[in-house]
Each structure stands twice: as C-alpha cells, then as structure tokens.
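# Descriptive analysis of the structure
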Amino acid sequence: MEKQDIRICCSLGDEPARIVRSKDYDRLFILTDENTELHSLPLLKEALQDIPFTPVSIPAGDLHKNIDTLSSVWTALSQGGASRKSLLLNLGGGMVTDLGGFAAATFKRGIRYANLPTTLLSMVDAAVGGKTGINFCGLKNEVGAFCPADTVLICTQFLHTLDRRNLASGYAEMLKHGLISTRAHWAELLKRQPGDTSDAGQLTRLIEESVRIKERIVSQDPYEKGLRKALNLGHTVGHAFESFTFHTDHPALHGYAVAWGLVCELYLSARLTGFPTEALHQTTRFIHEHWGHLTFSCDDYPALYSLMLHDKKNTGGTINFTLLRDIGDIALNQTAGRDLIYEALDYYRETCE
Ligand SMILES: NC(=O)c1ccc[n+]([C@@H]2O[C@H](COP(=O)([O-])OP(=O)(O)OC[C@H]3O[C@@H](n4cnc5c(N)ncnc54)[C@H](O)[C@@H]3O)[C@@H](O)[C@H]2O)c1
Ligand SMILES: [Zn+2]
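Residues numbered from 1 in each chain as written. Chains lettered and ligands numbered in written order. Predicted model: local features only at pLDDT ≥ 70, side-chain atom pairs only at ≥ 80, totals over all residues.

## With respect to the overall build of the protein
Cut-off, in case you're wondering: By the criteria applied, helices consist of DSSP H or I runs no shorter than four residues and strands consist of E runs no shorter than two, each listed in order from the N terminus. Residue burial here comes from a neighbour count, namely the number of other C-beta atoms, placed from the backbone, that lie within 10 Å of the residue's own C-beta, with 20 or more meaning buried, 12 or fewer meaning exposed, and in between meaning partly exposed. By the convention adopted here, residues make contact when the C-beta atoms placed from their backbones lie within 7 Å.
Within the protein, the secondary structure is distributed over 14 helices and 10 strands. Seen through its principal axes, the protein has C-alpha atoms that stretch 60 × 40 × 40 Å. Taking all 353 residues of the protein together, 46% fall into the buried category. Here the contacts in the protein between residues at least 6 apart in sequence split such that 76% fall between residues at least 24 apart.

## Considering the site of ligand 1
The test is simple: All residues are tested the same way: a C-beta atom is placed from the backbone, and lying within 6 Å of a molecule or strand makes the residue near it. The classification used treats Ala, Val, Leu, Ile, Met, Phe, Trp, Tyr, Cys and Pro as nonpolar, Asp, Glu, Lys and Arg as charged, and all other residues, Gly among them, as polar. For the domains described, the bounds stem from an automatic or database domain assignment.
In the region of ligand 1, 31 residues are neighbours, and Asn35, Gly93, Gly94, Met95 and Thr119 sit closest. Residue assignment for the shell around ligand 1 shows that the elements contributing at least two residues are helix H2 (34-39), helix H5 (94-106), helix H6 (120-126), strand S7 (139-146) and helix H7 (164-179). When grouped by side-chain class, the residues that make up the shell around ligand 1 number 7 nonpolar, 17 polar and 7 charged. Each of domain 1 (5-161) and domain 2 (164-352) accounts for three or more of the residues forming the shell around ligand 1.

## Looking at the domain arrangement of the protein
Split into domains, the protein comes out as domain 1 (5-161) and domain 2 (164-352). Contacts between domain 1 and domain 2 engage 17 residues on the former and 23 residues on the latter. For the side of domain 1 that touches domain 2, the elements supplying multiple residues, two or more each, are strand S1 (5-9) and H6. Per-element accounting of the side of domain 1 that touches domain 2 gives the leading share, 5 residues, to H6. Residues of the side of domain 1 that touches domain 2, tallied by class, amount to 11 nonpolar, 5 polar and 1 charged.

## Here's the deal with the packing of helix H11 (residues 254-272) against helix H14 (residues 338-352)
Under the convention used in this document: Helix axes use the C-alpha atoms of the stretch in contact, all axes being lines fitted to C-alpha atoms, and the angles between their N-to-C directions lie in the range 0 to 180 degrees. When describing relative orientation, an angle under 35 degrees is termed roughly parallel and one over 145 degrees roughly antiparallel, while 65 to 115 degrees is termed roughly perpendicular and anything else oblique. Throughout, a crossing is termed right-handed when the near helix is turned clockwise from the far one, and left-handed when it is turned anticlockwise from it by less than a right angle.
Two elements in contact, H11 and H14, have axes separated by 9 Å at closest approach and are oriented at 125°. By the angle between their directions, the pair H11 and H14 is classed as oblique. Both H11 and H14 take part in a crossing whose hand is right-handed. Along its contact with H11, which presents Trp260, Val263, Cys264, Tyr267, Leu268 and Arg271, the element H14 presents Leu340, Ala344, Leu345, Tyr347, Tyr348 and Thr351. Broken down by class, the residue content of the contact of H11 with H14 amounts to 10 nonpolar, 1 polar and 1 charged.

## Structural notes on unusual backbone geometry
Phi is mostly negative for residues that are not glycine, and the peptide bonds are mostly trans. The phi dihedral of glutamate 224 falls on the positive side, at around 55°, and the residue is not glycine. Relative to the helices and strands, glutamate 224 is located in the loop between helix H9 (200-220) and helix H10 (235-246). With a phi angle near 50°, asparagine 333 is a residue other than glycine that sits in the positive phi range. Position of asparagine 333 relative to the elements: it lies in strand S10 (residues 329-334).

## Some words on the sheet that holds S1
Quick reminder of the rule: When DSSP finds two or more bridges between a pair of strands, those strands are recorded as paired.
Strand order in the open sheet made by the 6 strands is S1-S8-S5-S4-S2-S3, with parallel pairing throughout. In the strand order of this sheet, the two ends are held by S1 and strand S3 (54-58), each with one partner. Neighbouring strand axes in the sheet, compared pairwise and without regard to direction, differ in orientation by 20° on average. Pairing of strand S5 (residues 112-117) with strand S8 (residues 151-155), which is carried by 2 bridges, proceeds in the parallel orientation. Paired with alanine 114 across the strands is threonine 151, a residue of S8. Along the sheet face, H5 touches strand S2 (28-33), strand S4 (87-92) and S5 and points at about 165° away from the line of S4. Its contacts with the sheet put H9 on S1 and S8, and the angle it makes with S1 is roughly 165°.

## Let's talk about the environment of leucine 227
In this structure, leucine 227 sits in the loop between H9 and H10. Sequence separation of leucine 227 and isoleucine 19 is 208 residues, and the distance between their C-alpha atoms is 31 Å. Not counting residues within four places of it along the chain, the set of residues in contact with leucine 227 comprises Ile217, Gln220 and Asp221.

## What about the environment of leucine 167?
As for its position among the elements, leucine 167 is in helix H7. A sequence separation of 120 residues divides leucine 167 from isoleucine 287, and the C-alpha atoms of the two residues are 14 Å apart. Beyond its immediate sequence surroundings of up to four residues, leucine 167 is in contact with Leu120, Leu159, Leu162, Pro194, Gly195 and Thr197.

## So, the nonpolar core
Our working definition: Only buried residues count toward a nonpolar core: Ala, Val, Leu, Ile, Met, Phe, Trp, Tyr and Cys, linked into one set through C-beta atoms within 7 Å.
Membership of the largest hydrophobic core comes to 101 residues, with the highest contact counts inside it found for Leu31, Ala259 and Trp260. Residue contributions to this core peak at 12 residues, all from H11. Residue-level mapping places this core at the junction of two domains, with at least three residues from each of domain 1 (5-161) and domain 2 (164-352). Apart from residues lying up to four places away in sequence, tryptophan 260 is in contact with Gly238, Phe241, Trp291, Leu294 and Tyr348.

## Focus on the packing of H7 against H11
A packed helix pair is summarised by two numbers, namely the angle formed by the two axes and the spacing between the axes. Running from N to C, H7 and H11 cross one another at 40°; their axes reach a closest spacing of 7 Å. If you check the angle between H7 and H11, you find them oblique. Crossing angle aside, the handedness with which H7 passes H11 is left-handed. Residues Ala168, Ser169, Gly170, Tyr171, Ala172, Glu173, Leu175 and Lys176 of H7 lie in contact with H11, whose contacting residues are His254, Gly255, Tyr256, Val258, Ala259 and Leu262. By residue class, the composition of the contact of H7 with H11 is 8 nonpolar, 4 polar and 2 charged.

Structure below.
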C-alpha cells in the first residue's frame, strides 16, 4: 500500500490551497455530512481561496454509512462530471472519510482523494491507514477496500466545534495508542482531560504522536496479517460493549466502549501476560473518571460473552485478544476462556464502585 502524506497543523492557513494546487486534477469535489457542511466547510472554503469545487453533502451518523448514501455520492460525482482525473476531499469524521474513501476507491475504478478529518477519532484513527468502507446487512464495515488517501491534512482548528463526548471518544483511541507505544506517551495522556482543547499546541503535538504510532504499525503490516492487530487492543470486549448498548436508550460512542474494553483487556493482560498491576490500576482509575460507567450485571455476562465469540476477528471458535506484557510490549493472538473473561467483567464492575 502506498504511503500517505500526512500533514498536521493547528490552523488551516493556505495549506488546503497548496495541497490542492499541487495535484493535477480536472474537477474538485468536497464531501461533507450535514454537520461538517455547517461547521467545517466555511473554514475550508475560506482556506481554498477562489479554487472552485462541487459540494456533495450526505446525512450525518453511522446509520447512513450505507449503500444508499454511497450510491448518492457516486451519483453526485457522475452528474458533476467527475473523471478519472478528479479529486475528492473528504471533510468530516470517520463516517465521511470511510464512505468517501470507498466512493473514491470505486468510482471509475478509483479516483484520488484526500482526507480532512474533523473529529478527534478520525484524526488519530479513521482517516489514516487506508481502510475504507461501509456498513452492510446490519454488519459494521462489511464492504470496503484498502485504499490510502493521497494526503491527510489534520488540522485541530476543526475540533473547536466538536462536542465533549466526541472528543472523549477520540481520546480513548489515543490512550490505546499510548498503551501500545511508550510509558512516556501513556503517562502524558493520563495527565490531561480528554475533552480539553484549550492548549492547541500541546493537543496538536499529542495527536501527531498518536498518528505516527498508527502510521508506523500500518506501514509494517498494511493488510492486517499480524502487527496491525495491535490496534485492536480494547476492541474485543469494546465491540461487545458497543453492541450491548446498541439497542438501548443510550448507545455508547465507539471510543467509550473501547475505553471500557481497555479496562477488561488490561486486566486479562495482567492475569495472562504479566502486565504490571500498577499501570492497570492507574489506567482503570483514569478511564472510570473520564468515560463514566457502563452498567450491567452478572446476568448479562453470557450475552456479552456471546458477542465476543461472534467478533469477526476470531477464527476457529476461540476469542482472539491483543494483550500487553507491558506498556509498548504487545502480545498478539492471545486467547482467554470464559471464566477468565467473566473475571475481567467482575473487575470492571468492582472498580466502578
Ligand atoms: N477506517 C478506519 O480505520 C476506521 C478506524 C476507526 C473508526 N472508523 C469509522 O469511523 C466512524 C466513526 O468516526 P467518528 O467518531 O468520527 O464519527 P462521525 O463521523 O459519525 O462523527 C461524529 C459526529 O460528529 C459530527 N462532526 C464531525 N466533525 C465535527 C465538527 N468538527 N464539529 C461538529 N460536529 C462534527 C458528525 O456529523 C457526527 O454527527 C465509524 O464509522 C467507524 O467505523 C474507521
Ligand atoms: Zn476503534
């Protein structure tokens, strides 16, 4: 997979205009959802100066990351006269960068695209790494393609209009990157409030470090044959928590479920692969303090266990975990039996008190 050109800044300036002008294209399209059309497009428009483009807007939210919305983007490209030489800018969170990336990967067998992520989660995760796709038949990211963006422009200026919950959701993925990288980066993340954007310089630097961690892992294993699974830390239990809340009045944002999943998977790491208990307790306290508590009882354990068993990353009926021996010391392809998983769920509930 080709390497993405990733640029990071805290103010747009003339960077978008420079990026667009450096590319050889005939028509420019900008994809937004209804929220980024309102909050982020005016900033980008100003930064593009007088460069003409065709706007394309789609409904917001993961429920719309589907074939109908994809089809509407293909239609807009087609009716707007897009050719193989056209350029698509995806301006939005992971929903827009995933769907827009897949539209670009497939339209006329592939046109070039750039991502301008506007949520913290898409800045440190969704917009980098080349995975694109849509949900299909009720399954998340069921259809997609590996297709890297030409350029990813990460600008923290976009975060000023993002709400605290979405900031905290993205910060959970940063914490995950901290855990799989170095003690220093992890410790620095634990000193901040997840929703705090007041120190733009510091936040931009931390985002940059987070992105580089993901980029390094993806460059060594772009198609997820091995090391890329490190990025799944917290996600086996996290996805079960996410699905568990899906049909309730309060569905969890992805990053919240990952944060809660991290508590359980670090517990498993302490029991199975020697993860230090002091780092387990520190991280657990930090997560409880900032991501609140998921309420469930032991009656829910079988349902949660069954959700983990059906995770698409499993093979041969065993639950696959990415665990840690220590911060930055990754243990791939670990398994745990039902009793130990129940123990990890006990640990989550006991530490909520
Ligand atoms: N491709 C990958 O590697 C990868 C990795 C992680 C997640 N994802 C995908 O990313 C998606 C989740 O991404 P997300 O959390 O960014 O969700 P999202 O794109 O749905 O954005 C969350 C909400 O914030 C709004 N929003 C976006 N930017 C805003 C801004 N600057 N100001 C105000 N509101 C804004 C959106 O309209 C939406 O309502 C999921 O579909 C997930 O599958 C992909
Ligand atoms: Zn995630």
